[in-house]
Amino acid sequence: MPLHSVSVAGVVVRDDGRVLAIRRADNGTWEPPGGVLELEERPEDGTVREVLEETGIRVSVERLTGVYKNMSRGVVALVFLCRPEAGTERTSNESTAVRWLSPREVEDVMGEVYAVRVLDALSATLAPHVRSHDGRHLLESA
């Protein structure tokens, strides 16, 4: 039986509307901070941990904004809207840069499957978005 992996990501939004992003050390792509959920960890707790580990920013989780499945890798990502609470931006062994991006910059520097997660989180819709992708591009709904 195939197994799925569950990851979490935080779309951290400042009062000025800018969004926290990292440039990943392993592949150079810009993404919202996040990672694999630990087996014993609640999704919200994993989001707080991953954002802090990768960026130095402590956050509070507000709500789930989307569920995204990478159909080619079997990874389900839960994305949460977060607010920064404390800390100073810093890189980690998983990130080579940490920046606060405008929504326009998000569209310019992030690949489609990551930009949509941020833009979905910034939308006024309260119901979580549910989307599937192939690792690079969104797939049409059935």
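Here the structure is a predicted model, which means the values were calculated and not measured.

As enumerated under the stated definition, the model contains 13 salt bridges in all. Across the pair Arg-42 and Asp-45 runs a salt bridge whose closest N-O atoms are separated by 3.2 Å. Overlapping salt bridges, with partners in common, bring together Glu-38, Glu-41, Arg-49, Glu-50 and Glu-53 in one network.

Low pLDDT marks stretches whose predicted atomic positions should not be read closely. Across the chain, the average pLDDT comes to 94, with 98% of residues at 70 or higher. Model confidence for the chain, summarised as mean pLDDT per element, is weakest for strand β8 (residues 129–133) at 91 and strongest for strand β3 (residues 30–31) at 98.

Moving on: helix α3 (residues 112–122). Every buried residue of α3 is accounted for by Val-113, Ala-115, Val-116, Arg-117, Val-118, Asp-120 and Ala-121. Turning to α3, the residues buried within the fold contact β1 (5–12), β2 (19–24), β5 (57–70), β6 (75–87), α2 (103–109) and β8.

Take the nonpolar core next. Among the nonpolar cores identified, the biggest contains 18 residues, and Val-11, Val-106, Met-110 and Val-118 are the most heavily contacted of them. At four residues, the largest contribution of residues to this core is made by α3. Other than its neighbours up to four places away in sequence, Val-11 contacts Val-19, Pro-32, Val-79, Phe-80, Leu-81, Cys-82, Arg-117, Val-118 and Ala-121. Core analysis: the next-biggest nonpolar cluster, separate from the first, contains 15 residues, Leu-20, Val-51, Ile-57 and Val-98 among them.

Parameters and conventions
- Residues numbered from 1 in each chain as written.
- Predicted model: local features only at pLDDT ≥ 70, side-chain atom pairs only at ≥ 80, totals over all residues.
- Heavy atoms only, no water.
- Salt bridge = Lys/Arg side-chain N within 4 Å of Asp/Glu carboxyl O.
- pLDDT = per-residue confidence, 0-100.
- Helix = DSSP H or I, 4+ residues; strand = E, 2+ residues; numbered from the N terminus.
- Buried < 20%, exposed > 50% of the residue type's maximum accessible area, 1.4 Å probe, protein only.
- Contact = heavy atoms within 4.5 Å.
- Core = buried A, V, L, I, M, F, W, Y, C linked by side-chain atoms within 4.5 Å.

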